[in-house]
Amino acid sequence: MLSNELRQTLQKGLHDVKSDWTVPASIINDPEVHDVERERVFGHAWVFLAHESEIPERGDYVVRYISEDQFIVCRDEDGEIRGHLNACRHRGMQVCRAEMGNASHFRCPYHGWTYSNTGSLVGVPAGKDAYGNQLKKSDWNLRPMPNLATYKGLIFGSLDPNADSLEDYLGDMKFYLDIVLDRSEAGLQVVGAPQRWVVDANWKLGADNFVGDAYHTMMTHRSMVELGLAPPDPQFALYGEHVHTEHGHGLGIIGPPPGMPLPEFMGMPENIVEELGRRLTPEQVEIFRPNAFIHGTVFPNLSIGNFLMAKDHLSPPTPFLTLRLWHPLGPDKMEVMSFFLVEKEAPDWFKDESYKAYLRTFGISGAFEQDDAENWRSITRVLGGQFAKTGELNYQMGRGVLEPDPNWPGPGEAYPLDYAEANQRNFLEYWMQLMLADTPLHAGNSNGNGKVETSAPAAPKTPAKAEA
């Protein structure tokens, strides 16, 4: 329930973010804000869960989260992707205690109720003696994810049974996602399990940073410039495009500083460059050709980083792709899940160099990652103070300076350099609209059965393990 005080704060914030370009500081670290956004943001948005390559075989599963709800995301015996609430229908015990694996069935360790990976209740101990064989098992299957859908290998879920389709939710952001996700016929693969760590910071800070904050690189990552791990111009992130679309999505696309030659298409392997030239539109190719960095956020908490960086100061730069999930654990704590992806058809040498560049810069102990996490921890700690919450945060970059770019070849609202904050304002405006909406902002349709909305290719017939 939204208190009158918070409603007034958000109503003023929604007005100010559009007129004065300021945001109330209290939205960063406040228990009531966290409680409301669990229901109104994470209860209605499409949230990234996994990549299809994490569950390639029948019976493969991972356990993933939407706020505090945890789901088994699996590929069933027919090759269908499904999502089930990880709670036994008898007493609510977790039926899957491992974070990933392969199983045809899940058995509750409390009383032994057993479910197939389609979610069907198939076994109840002492069914005759305890229930007189009167228990109707079909009424007590695992609860399915209300909506489940994929886009270019990304699996999303929504807790809203009436959510708009994932395609409609992503909208024009699909144009930019395709540049990253759809460069080859075989597609991308997640390498290894995602790295995971907990940061004492609010989840919105990670989303805000990736959606549009190129400005911080000049100061926060200055040491990376001095070490030779970033372009020698400290303002390297200035030279790009700042773009946002509907539903709070946004990204920055950064080219090389003037006079600094870089390879086209981030120096991707020749076989991938040939494929992307056939798969992407001329406008997408034009955007990607001179690019060195792509950073963006799919509202609410999925971020993308496609960066051209060196693994050390002696090596040439190599592109890598990472996905970030900012999973809220409270108003002042989040779990970061970091995925490394690479084209399946890329040569082995490239996969190896790309992975090393990722680990040493944006992995859990990466130099860039440490810089960012320390900032977010400090912000969250400071803005949790009683007096600090009464202030405002400045989102006025570009005011009176920047105008939309009429020559940008892609959709959305674009600005001709990446030192801007239009994307962040767009993100927070949509967040506040959801927070203030007493009823959902959309009224789409549900698939309602916990099966993926789009057709996934059937996996090879590999037997699943018996149970988990």
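Cut-offs and rules
- Residues numbered from 1 in each chain as written.
- Predicted model: local features only at pLDDT ≥ 70, side-chain atom pairs only at ≥ 80, totals over all residues.
- Heavy atoms only, no water.
- Buried < 20%, exposed > 50% of the residue type's maximum accessible area, 1.4 Å probe, protein only.
- Helix = DSSP H or I, 4+ residues; strand = E, 2+ residues; numbered from the N terminus.
- Pairing = 2+ DSSP bridges.
- Axes fitted to C-alpha atoms, helices over the stretch in contact; angles between N-to-C directions.
- UniProt positions renumbered as here; feature names shortened; annotations may be inferred.
- Core = buried A, V, L, I, M, F, W, Y, C linked by side-chain atoms within 4.5 Å.
- Domains from an automatic or database assignment.
- Contact = heavy atoms within 4.5 Å.

Chemist: Quick question: what am I supposed to make of helix α5 (residues 173–181) here?
Modeler: Residues spaced three or four apart along an α-helix point in a common direction, a consequence of the helix completing one turn every 3.6 residues. Among the 9 residues that make up α5, 9 are buried, leaving the element largely enclosed by the rest of the structure. Those residues of α5 not exposed but buried are M173, K174, F175, Y176, L177, D178, I179, V180 and L181.

Chemist: Before we go on, may I ask you to explain the sheet that holds strand β11 (residues 154–158) in this structure?
Modeler: Pairing between sheet strands relies on hydrogen bonds along the backbone, with the strands arranged either parallel or antiparallel. On the basis of which strands lie adjacent, the open sheet formed by 3 strands has the order β2-β11-β10 and antiparallel pairing. The sheet is open, and its two borders are formed by β2 (47–51) and β10 (147–151), each paired with just one other strand. On average, each strand axis in the sheet is inclined to that of its neighbour by 30 degrees, with strand direction left out of account. One ladder, built from 5 bridges, connects β10 with β11; its direction is antiparallel. Bridging from a neighbouring strand, Y151 pairs with L154 of β11.

Chemist: Looking at this structure, how should I read the UniProt feature "domain: Rieske" (unreviewed entry) in the protein chain?
Modeler: Here, UniProt's "domain: Rieske" (unreviewed entry) annotation points to residues 47–129. The span residues 47–129 shows a helical share of 4% and a strand share of 43%, and its end C-alpha atoms are spaced 43 Å apart.

Chemist: When you look at the sheet that holds strand β7 (residues 105–107) in this model, what are you seeing that I'm missing?
Modeler: Across the sheet, which stays open at both edges, the 3 strands sit in the order β7-β8-β9 with antiparallel pairing between neighbours. Here the strands that pair on one side only, and so sit at the sheet edges, are β7 and β9 (121–123). Adjacent strand axes in the sheet meet at a mean angle of 35 degrees when their direction is disregarded. Pairing between β7 and strand β8 (residues 114–116): 3 bridges, direction antiparallel. Its bridge partner being in β8, H105 is matched across the sheet by S116.

Chemist: How should the nonpolar core be read in this particular structure?
Modeler: L10, Y176 and W431 are the most contacted members of the largest nonpolar core, which has 116 residues in total. Among the elements that line this core, the one with the most residues is helix α13 (residues 422–436), at 8 residues. When residues of this core are sorted by domain, at least three fall in each of domain 1 (47–158) and domain 2 (172–436). For L10, the contacting residues outside a window of four places in its chain are L2, I27, W431, M432, M435 and L436. If you look at the next biggest cluster of nonpolar residues, it comprises 16 residues, including Y61, Y65, C74 and L121.

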